Amino acid sequence: MYKVTLSEKDVPKKWYNIVADLPMEVPAPSQTDEGKQLENLPNIFSKYVLEQEMSTERWIEIPKEVRKFYQKIGRPSPLFRATGLEDYLDTPAKIFYKREDTSPTGSHKLNTAIAQAYYAKKAGAERVTTETGAGQWGSALSLACSLIGLKCTVYMVRVSFDQKPYRKTIMQLYNGEINASPSDKTAFGRKILAENPKHPGTLGIAISEAVEDALNDDKVFYTLGSVLNHVLLHQTVIGLETKKQLESIDETPDVMVACVGGGSNFGGAIFPFVKDKIDGDLDCKFIAVEPKACPSLTQGEYKYDYGDTEGLTPLMKMYTLGHNFVPPSIHTGGLRYHGSSPLVALLVNEGLVEGRSVQQTDVFKSGQIFANKEGIIPAPESSHAIKVGIDEALKCKKTGEEKTIVINLSGHGLLDLQGYEDFLEGNLED
Ligand SMILES: *Cc1c(COP(=O)(O)O)cnc(C)c1O
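Residue numbers run consecutively from 1 along every chain, following the written order of its sequence. Given that the model is predicted, a residue must reach a pLDDT of at least 70 before its local features are reported, and side-chain atom pairs must reach 80 or more before they are shown or counted; all residues, however, enter totals for whole chains, interfaces and linings. In computing side-chain properties, one takes all heavy atoms of the structure into account and sets aside hydrogens as well as water.

Asks: Quick question: what am I supposed to make of the overall build of the protein chain here?
Replies: Counting secondary structure elements, the protein chain contains 17 helices and 15 strands. With respect to the three principal axes, the spread of C-alpha positions in the protein chain is 60 × 50 × 40 Å. Going through the 430 residues of the protein chain one by one, you find that 64% of them count as buried. Contacts are residue-level and defined by heavy atoms, with any inter-residue pair within 4.5 Å sufficient. Look at the contacts in the protein chain between residues 6 or more apart in sequence, and 76% of them connect residues 24 or more apart. Per-residue accessibility takes into account occlusion by the displayed protein chains alone, with areas from the Shrake-Rupley method and a 1.4 Å probe. Accessible area of the protein chain: about 16,400 Å², with a carbon and sulfur share of 47%. Only DSSP runs of H or I with at least four residues qualify as helices, and only runs of E with at least two residues qualify as strands; both kinds are numbered from the N terminus onward. Using a 1.4 Å probe on the protein chains alone, a residue whose accessible area is under 20% of its type maximum counts as buried, one over 50% counts as exposed, and one in between counts as partly exposed.

Okay, structure coming up:
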C-alpha cells in the first residue's frame, strides 16, 4: 500500500477551531497606547474572517462554494507511504507524507486563499491586497481571486522577486498585479527606499505595504497567507483529511512533523490531532521545524510584538525575533518571518509542541534524498520537515521502535530550482 486516498465527498464540511479545546487562555491581540491597530482591523478584513479570528466555536461550516473549489483543485489530497525513503534509511519506522504539493499552485496555500477570496467578495470587495515571500502565497491568492472574480495586488519581497522570476509570471498569468517590496506604491515603501534603495525587503515590510494599500478603501481588503487564527483554521482541512486517511488504515501517528514559517501548514496539519493529545487519547510528538537562519520558535522571545515592520497590525503574543529583524537571504523564502502564529506559539510555550531548527545544507540534502527515493522534488520549506522526519526515523533505527511518522509535504520545489542549483554547486551557506 503506497497511497491512501479519499473520495471527493470526503472533503471536510467543517473547519476545526482548536481554540474551543485549549485548556489554557489564548492571549488576545492588543494595541499600543498611541496606535489604533485594533480599530484598523474592520477596515482591512471582512467581518466574516474577523468573526472566525475571534471565534471559540469548535466547528465552523465550510461554505458550499469554497468546498466546491476544494474539490476542483483536487482535494482531498492523497497521503503517501514513503517506502522508498524507509528502505533507504533502513528504519523500522513507517513514514507517511501528506501531499499538499498536488495543489495547482504547488502548496497548501490555496486552502485559505480560496476561503479568504470568497469572504472578501461576499463582503463587497472589488480587490484584495497581500504580501508574498517566496511567491507561493501570491500565486495561490492570484488564482483564488481569478476563480472567485476579484482583482489582486501582491507586494513581493524584493529578494524573492529577483530570485524567482517565474513566480512573477505565474501571478501575472493568473491576472495578479505584482510589486517588488519595498515599492514606491505606498508611503511606507517609499520611506524604506529613501533610507536604502537596495533594501532586500522582508515579509514584515511587505505586510506593512499591503495593509496600507487596503486601509483607506472600503472596496479593498487585505489578506494574509499565514499566522492568523482564521488562516490556520482554513488549513485544518489538511489535518482532518490526514486523520481520516490514517484511521482508514488503522494507523495512529507517534510523530508529526511540519515546517513553520508563520505556522499555517503546521497548525493545519496537527491541530485536529492536538485535541486528542490534550484529551489523553493520543501520545504523539508534534515537531515544528524552522531554519537556523530565522529561528523564531527556538531562539525568539515569547512576547507581544507586531506582525509587520511598521506597526500597523495589532500586537500579538508570539515567539518573535523582533519586528525589525531582517533575516538573511536564505533560499527558503517562505520561512523568512520574524514572528509566528500566536496559536502555534502558545502550544510551544505550553510544551505541547516542540520547536526545532535545522541547517540549510542539511535541509537541501534531505530534499535531494527525498526526490531520489520518492520522486517528488520538495519545496525547500517542506525539506525542513523531511530533514527532521529522517532524523526521527534514524532514531527509530537505533532503538528498534516501529514508530509512525507523518510529514506534511507543504509543497513541491519545481519553482525553487535556483536554491537546489546553488546546493548542488556547493554555494549554499550553512
Ligand atoms: C508558505 C509556505 C510555507 C510556510 O508557511 P506556513 O504558514 O508556516 O505554512 C511552507 N511551505 C510551503 C511550500 C509554503 O509555500
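Back to the text.
Asks: Would you explain the site of the ligand in this entry?
Replies: Only a single heavy atom is needed: when it lies within 4 Å of a molecule or strand, its residue is near that molecule or strand. In the neighbourhood of the ligand, 18 residues make up the surrounding shell, with Lys109, Ser226, Gly261, Ser264 and Ser410 lying closest. We define a polar contact as two N or O atoms separated by no more than 3.5 Å, with the added condition that, inside protein, one atom must be a possible hydrogen donor and the other a possible acceptor, whereas residues neighbouring each other in sequence contribute only through side-chain atom pairs. Side-chain polar atom of Ser226 to an oxygen atom of the ligand: 2.5 Å apart, as the coordinates give it. For the ligand, whose free accessible area comes to 380 Å², the fraction covered by protein is 97%. Here the nonpolar group is Ala, Val, Leu, Ile, Met, Phe, Trp, Tyr, Cys and Pro; Asp, Glu, Lys and Arg are the charged ones; every other residue, Gly included, is treated as polar. Residue classes in the shell around the ligand are distributed as 4 nonpolar, 12 polar and 2 charged.

Asks: Help me understand the environment of Leu428 in this model?
Replies: Position of Leu428 relative to the elements: it lies in the segment after helix 17 (417–424). For Leu428, a relative accessible area of 12% puts it in the buried group. Along the primary structure Leu428 and Thr361 are separated by 67 residues, whereas in three dimensions their C-alpha atoms are 6.5 Å apart. Those residues in contact with Leu428, other than ones at most four positions away along the chain, are His331, Gln360, Thr361, Phe364, Gly419, Asp422 and Phe423.

Asks: Is there a simple way to explain the side chain of His199 in this structure?
Replies: Considering the arrangement of structural elements, one finds His199 in the loop between helix 9 (187–195) and helix 10 (203–215). According to the relative accessible area criterion, His199 is buried, its value standing at 13%. A polar side-chain atom of His199 sits 2.8 Å from the main-chain amide nitrogen of Gly201. When sequence neighbours within four positions are dropped, the list of residues in contact with His199 reads Arg158, Pro182, Ile192 and Ile205.

Asks: Just to check I follow, could you spell out the packing of aromatic side chains for this structure?
Replies: The geometry of an aromatic ring pair comes down to the distance between the two centres and the angle between the two planes. Here the aromatic set is Phe, Tyr and Trp, taking the six-membered ring for Trp, and pairing holds for ring centres within 6.5 Å; pairs whose planes are under 30 degrees apart are stacked, those over 60 apart are edge-to-face, and all others are tilted. One pass over the full model with this rule turns up 9 aromatic pairs. Seen from their ring centres, Phe45 and Tyr222 are 5.7 Å apart, and the 55° between their planes marks the pair as tilted. Here Tyr222 lies in strand 9 (residues 220–222) and Phe45 lies in the loop between helix 1 (37–44) and helix 2 (47–54), a separation of 177 residues in the sequence. Like Phe45, the residue Tyr222 is buried in the burial classification. Judged by centre distance (5.0 Å) and plane angle (75°), the rings of Phe364 and Tyr420 are edge-to-face. Note that Phe364 is positioned in helix 15 (residues 360–374) and Tyr420 in helix 17, a separation of 56 residues in sequence. Overall, the relative accessible area of 0% leaves Phe364 in the buried class. Taking the relative accessible area as the measure of exposure, Tyr420 reaches 9% and is therefore buried. An aromatic cluster is present here, built from Tyr48, Tyr118 and Tyr119 joined pairwise through their rings. Above the face of the Phe161 ring, Lys168 is positioned so that its terminal group lies 4.2 Å from the ring centre. As a reminder, the over-ring test applies to NZ of lysine and CZ of arginine, requiring each to be within 6 Å of the ring centre and within 35 degrees of the ring normal.

Asks: Is there a simple way to think about helix 3 (residues 64–72) in this case?
Replies: Note: α-helices contain 3.6 residues per turn, so residues at a spacing of three or four share the same orientation. Turning to helix 3, its buried residues number three or more, namely Val66, Arg67, Phe69, Tyr70 and Gln71. Where helix 3 is buried, its residues meet strand 2 (14–16), helix 5 (110–122), helix 6 (136–148) and helix 11 (229–248). A positive phi of about 105° marks Gly74, the residue just after helix 3.

Asks: Sorry, what's going on with the sheet that holds strand 9 here?
Replies: Sheet strands line up and pair through hydrogen bonds in the backbone, either parallel or antiparallel. At least two bridges found by DSSP between two strands are what make those strands a pair. Taking strand neighbours across the sheet as the criterion, the 4 strands line up as 8-7-6-9 in an open arrangement whose pairing is parallel. In the strand order of this sheet, the two ends are held by strand 8 (177–181) and strand 9, each with one partner. In this sheet, adjacent strand axes meet at a mean angle of 20° when their direction is disregarded. When strand 6 (residues 127–132) meets strand 7 (residues 151–157), the two strands line up parallel, connected through 6 bridges. Paired with Thr129 across the bridge in strand 7 is Thr153. The angle between two axes is taken between their N-to-C directions and runs from 0 to 180 degrees, where each axis is a line fitted to C-alpha atoms and a helix contributes only its stretch in contact.

Asks: What exactly am I supposed to notice about the pattern of salt bridges here?
Replies: Side chains bearing opposite charge may pair, as long as their charged atoms lie close to each other. Each salt bridge in this description consists of a side-chain nitrogen of Lys or Arg and a carboxyl oxygen of Asp or Glu lying within 4 Å of one another. As enumerated under the stated definition, the model contains 21 salt bridges in all. A salt bridge links Glu100 to Arg75; its shortest N-O distance comes to 2.8 Å. Of this pair, Glu100 sits in the loop between strand 5 (94–99) and helix 5 while Arg75 sits in the loop between helix 3 and strand 4 (79–81), placing them 25 residues apart in sequence. Residue Glu100 is classed as buried on the basis of its relative accessible area, which comes to 2%. On the basis of relative accessible area, Arg75 is assigned to the buried category, the value being 5%. The network of salt bridges with common partners includes Lys285, Glu354, Arg356, Glu392 and Lys395.

Asks: Could you clarify how one ought to interpret the packing of helix 9 against helix 10 in this entry?
Replies: Each packed pair of helices is defined by two parameters, the angle between the axes and the distance between the axes. Running from amino to carboxyl end, helix 9 crosses helix 10 at an angle of 145°, the nearest separation of the two axes being 8 Å. Every residue of helix 10 that contacts helix 9 at Ala187, Phe188, Gly189 and Ile192 is listed here: Ile205, Ser208, Glu209 and Glu212. Looking at the contact of helix 9 with helix 10, its residues break down into 4 nonpolar, 2 polar and 2 charged.

Asks: Please clarify how the pairing of strand 15 (residues 404–409) should be interpreted in this entry.
Replies: Looking along a regular strand, one sees the side chains alternate between the two faces of the sheet. Across the 6 residues that make up strand 15, a large majority, 6, are buried. Neither face of strand 15 is exposed, since Thr404, Val406 and Asn408 on one face and Ile405, Ile407 and Leu409 on the opposite face are all buried. Direction of pairing for strand 5 relative to strand 15: parallel, over a ladder of 6 bridges. Looking at strand 15, one finds that Lys94 is bridged to Thr404. As judged from the 3 bridges shared by strand 10 (residues 255–259) and strand 15, these two strands associate in the parallel manner. Following the sheet pairing, Val255 is matched in strand 15 by Ile405.

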